[in-house]
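# Report on the structure
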Amino acid sequence: MIQFSKPNVEQFFQTYRISTFAISQDESRLVFSSTLNGKFNLWAMDIGGETGYPYPLTYNDQMCGFIKLDPQGRHILTAFDRDGDENYQMHALRWNGGEPQPLFAGIPPEEKHHFLHLSEDGKRIYYSTNRENPNFLNSRVFDLESGEDRLLIEGKGTVTVICAVSQDEKRFAFVKEYANTHYVSYIQLEDGQEICLTPSPDEVHTSGGVQFLDGDNVIFATDYDSEFAYMAHYDIKERTFKRLCEIDSETVVMLKYHKDSRTVYIVTEKGVQDHLYAYALDTGELKAIPLPVDILEQIVVARSGNLYMLGRGAAKPYNIYRFDGSRWTMLTQNVVTGLTETDLIVPEVITYRSFDGMEIEALLFRAKDETANGYTVFWPHGGPQAAERKQFRSMFQYIIAEGYNIFCPNFRGSTGYGSSFAKLVEQDWGEGPRKDCLAAMDWLFEQGISSRDRLFVMGGSYGGYMTLLLAGRNPEYFKAAIDICGVSNLFTFYHSVPEDWKPIMGQWLGDPERDRERFIKDSPITYLDKMVNPLLIIQGANDPRVVKAESDQLVEELRAKGRDVEYIVFDDEGHGIMRKDNEKIAYARMVEFMNRCRQAKIQVEK
Ligand SMILES: CC(=O)N[C@@H](C)C(=O)N[C@@H](C)C(=O)O
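Because the structure is a prediction, the values reported are computed rather than measured.

### A few points about the overall build of the chain
- Regarding its fold elements, the chain presents nine helices and 36 strands.
- What you see for the chain is a C-alpha radius of gyration of 24 Å, in line with the 25 Å of a compact globule of 606 residues.
- When the backbone C-alpha atoms are referred to their principal axes, the chain occupies close to 70 × 70 × 50 Å.
- Taking all 606 residues of the chain together, the buried fraction comes to 47%.
- Look at the contacts in the chain between residues 6 or more apart in sequence, and 52% of them connect residues 24 or more apart.

### Here's the deal with the sheet that holds strand β8 (residues 101–102)
- With respect to topology, four strands assemble into an open sheet ordered β5-β6-β7-β8, the strand pairing being antiparallel. Two strands bound the open sheet, and with one partner strand each, they are β5 (64–69) and β8.
- Note that β5 and strand β6 (residues 75–80) share four bridges and pair antiparallel. Paired with Leu69 across the strands is Ile76, a residue of β6.

### Looking at the site of the ligand
- Taken together, Asn180, Gly382, Gly383, Gln385, Ser461, Tyr462, Trp501, Arg545 and Val546 make up all the residues around the ligand.
- Partitioning the shell around the ligand into residue classes produces three nonpolar, five polar and one charged.

### Here's the deal with the environment of Ser146
- Structurally, the position occupied by Ser146 is in the loop between β11 (138–143) and β12 (149–154).
- Residue classification places Ser146 among the exposed positions, given that 9 C-beta atoms sit within 10 Å.
- Note: C-alpha distance between Ser146 and Leu276 (130 residues apart in sequence) is 41 Å.

### Here we look at the sheet that holds β11
- With antiparallel pairing, four strands are arranged side by side in an open sheet as β9-β10-β11-β12. Two strands in the sheet have a free side with no partner beyond their single neighbour: β9 (113–118) and β12. Shown here is a sheet whose adjacent strand axes are inclined to one another by a mean of 30 degrees, direction ignored.
- Where strand β10 (residues 124–129) and β11 come together, six bridges link them in antiparallel fashion.

### Observations regarding the UniProt feature "domain: Peptidase S9 prolyl oligopeptidase catalytic" (unreviewed entry) in the chain
- In this structure's numbering, the residues bearing the UniProt feature "domain: Peptidase S9 prolyl oligopeptidase catalytic" (unreviewed entry) are residues 391–598.
- Secondary structure over residues 391–598 splits into 44% helix and 13% strand, and the C-alpha atoms at its two ends are 28 Å apart.

### Regarding unusual backbone geometry
- The omega torsion across Gly383 and Pro384 is -5 degrees, close enough to zero to call that bond cis.
- With respect to the helices, strands and loops of the structure, Pro384 is situated in the loop between β31 (376–378) and α1 (394–401).
- In this structure, Cys485 takes a positive phi of about 40 degrees despite not being glycine.
- When you line up the elements, Cys485 lands in the loop between β34 (480–484) and α5 (490–496).
- Among the residues examined, Cys485 registers 29 C-beta atoms within 10 Å and is labelled buried.

### Focus: the pairing of β34
- Among the five residues in β34, five count as buried, and that is most of the element.
- Pairing of strand β33 (residues 455–460) with β34 involves five bridges; the strand directions are parallel. By the bridge assignment for β34, Phe456 is matched with Ala480.
- In this region the chain leaves β33, passes through helix α4 (residues 462–473) and returns to the parallel neighbour β34; the handedness of that crossover is right-handed.
- Pairing analysis gives four bridges linking β34 to strand β35 (residues 535–540), with the strands arranged parallel. Within β35, the residue paired with Asp483 across the bridge is Ile537.

### Regarding the packing of helix α3 (residues 432–446) against α4
- At their nearest, the axes of α3 and α4 sit 11 Å apart, and the two run at 70 degrees to each other. Considered as vectors, α3 and α4 are oriented roughly perpendicular to each other. From α3, Pro433, Arg434 and Cys437 reach across to α4, where they touch Met466, Leu469 and Leu470.
- The residue makeup of the contact of α3 with α4, split by class, is five nonpolar, no polar and one charged.

### A few points about the pairing of β10
- Counting buried positions over the six residues of β10 gives five, a clear majority of the element.
- As judged from the five bridges shared by β9 and β10, these two strands associate in the antiparallel manner. What sits directly across from Phe115, in β10, is Tyr127.
- Between β9 and β10, which pair antiparallel one after the other, the connecting turn spans five residues, and Gly122 there sits at a positive phi close to 75 degrees.

### Some words on helix α8 (residues 548–560)
- In this model, α8 (13 residues) spans 18 Å end to end at C-alpha, consistent with the 18 Å of a helix rising 1.5 Å per residue.
- Of all the residues in α8, the buried ones are Glu550, Ser551, Leu554, Val555 and Leu558. Around the axis of α8, the buried residues are gathered within 115 degrees of arc, so they sit on the same side. Looking at α8, the residues exposed on the side facing more than 90 degrees away from the buried face are Glu556 and Ala560.
- At its buried positions, α8 is contacted by α4, α5, β35 and β36 (565–570).
- Of the residues flanking the end of α8, it is Gly562, one or two places downstream, whose phi is positive at about 80 degrees.

### Examining α1
- The element α1 is extensively covered by neighbouring structure, given that eight of its eight residues are classed as buried.
- Buried within α1 we find Ser394, Met395, Phe396, Gln397, Tyr398, Ile399, Ile400 and Ala401.
- At its buried positions, α1 is contacted by β30 (359–365), β31, β32 (405–409) and α9 (580–599).

### Observations regarding the confidence of the model for the chain
- Scored by pLDDT, the chain has a mean of 96; 99% of the residues are at 70 or more.
- Reported for the predicted complex are a pTM of 0.96 and an ipTM of 0.98.

### Points about the environment of Lys156
- Along the chain, the position of Lys156 falls in the loop between β12 and β13 (159–165).
- For Lys156, a count of 11 C-beta atoms within 10 Å corresponds to the exposed category.

### With respect to the environment of Met594
- Its location among the elements puts Met594 in helix α9.
- The spacing of Met594 and Asp522 is 72 residues in sequence and 26 Å in space, taken between C-alpha atoms.
- Among all residues touching Met594, those that are not within four sequence positions of it are Phe456 and Ala480.

Parameters at a glance
- Residues numbered from 1 in each chain as written.
- Predicted model: local features only at pLDDT ≥ 70, side-chain atom pairs only at ≥ 80, totals over all residues.
- Helix = DSSP H or I, 4+ residues; strand = E, 2+ residues; numbered from the N terminus.
- Rg over C-alpha atoms; globule rule 2.2 N^0.38 Å.
- Buried ≥ 20, exposed ≤ 12 C-beta atoms within 10 Å, placed from the backbone.
- Contact = placed C-beta atoms within 7 Å.
- Pairing = 2+ DSSP bridges.
- Near = placed C-beta within 6 Å.
- Nonpolar A, V, L, I, M, F, W, Y, C, P; charged D, E, K, R; others polar.
- Axes fitted to C-alpha atoms, helices over the stretch in contact; angles between N-to-C directions.
- UniProt positions renumbered as here; feature names shortened; annotations may be inferred.
- Right-handed = clockwise from strand over helix to strand, strands pointing away.
- Parallel < 35°, antiparallel > 145°, perpendicular 65-115°, else oblique.
- Expected span 1.5 Å × (residues − 1).
- Arc of directions from axis to C-beta.
- pLDDT = per-residue confidence, 0-100.

Rendered as structure tokens:
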């Protein structure tokens, strides 16, 4: 019997990301955006048989914002940004790929387009843009045949965008966004009249994901008068609102309507996992559909009724699947080369009590006995109104294979635990969530899983912010920290976010004048004197959300004080590390950094 050596770390990087996909009307062709050749490109697969072989459609190495296939198979509509700047701009591609052609001539690099809808005949594309309205956005329709580009809805007062279009294209649903936890959907009628879909636009709630059943009836997801979003129905003729389907302690995050069978596919989120249901509109029957993955990223319902899904699991990389009503077929074969699912680590879902008695859910990935080195990486997630869920991350599997446990708390402010819980981080970025992190660390110590000498903190974006804040305020809890594009200064962050985030900043973060004292207290840069642990900081040069200046200013100040700070900037990345060659560099540096810190004697005053 041949004995094979232990998995090589390279193996963990042989999986690829898939960000979005589309399926042709006859379901013979799948087009998806993936890092199959190391950088994001569009790929196609002919799936008329059971499976196909992926072939490239683009070679521009850029991430795309959406993919729509012309119903007559003439072209592909998509949008590309530039090296992570998130200014996605509309392009068309020949059916068989090649050089992408911009849909609009002579537009500046800072203009961005967000796909909203393609008409049934494929002739008109609806999109929102920052053109002429950087803060609140405008929704427009572009006629692909005549080249006419028409303004439909002008954003006023806050970001306002179309979210659904009726089949005859005479009525639009649009959403006004005030916060991540407060957005309200309306219908605009032929005469310009606007109707709110929920009983009162003045109550703080969310309503979105509108789907037209016909010209007079819509369904949508809302948490109006509820902790968890449910499916509601609005009858435009009768002007009546009705709760249609609620699932206990689960939040409806996606709805897809299949007209012929009058079925609504409902995706819900519950803590660290998603669920899928089929709801029969005529009988009200709700059937759970077992899933091959933990997390659903996208679903598409084909005319035939087949369901296509992009998903991933704790130990399953991104894959696209087809469901024919009875079984799932994995169309892409994205696996970790040479390993099976049992070689990978799935997390335990645990709960702990925080400082005020609040129950917090968390994921604990335990390194295998044969590789465990006794150290734990504490990972506060980004967002902050998001959650760490059972989502495959090659970075996690690599770090665990190197012997580290990983602990991920879904601190107050995380999504998936009700709307009140998600609101707890609003205008409190640094106190409640940080104390939840400290309570989690104490729990890890009490359980004997970790100790102050055997703990690292690492996070990206808000998670990077929390990492830096903990490094500044509670350095005695851990050995060293790794920050990936984290916010270091709430004042500069407030002013440097994308223009269309500015309308929600007050509710989300607060106001730098009104909340000056809190901004100072909650900014990591306030605590330079106490920030004595070794730090590794990683930043994308084109990050539009947490700009490079957030990392630059901190690195400069700490280096002036002679502190141990490693700094890596990727010139071709934005908010996060997407390219495989950069991932390999970054993750190898993280592990080297932690291994170095494990050897070093680090004295932090207790
Ligand atoms: C406005 C908003 O909630 N944006 C988030 C999606 C986001 O990008 N947050 C950053 C700070 C992050 O933590 O990733």
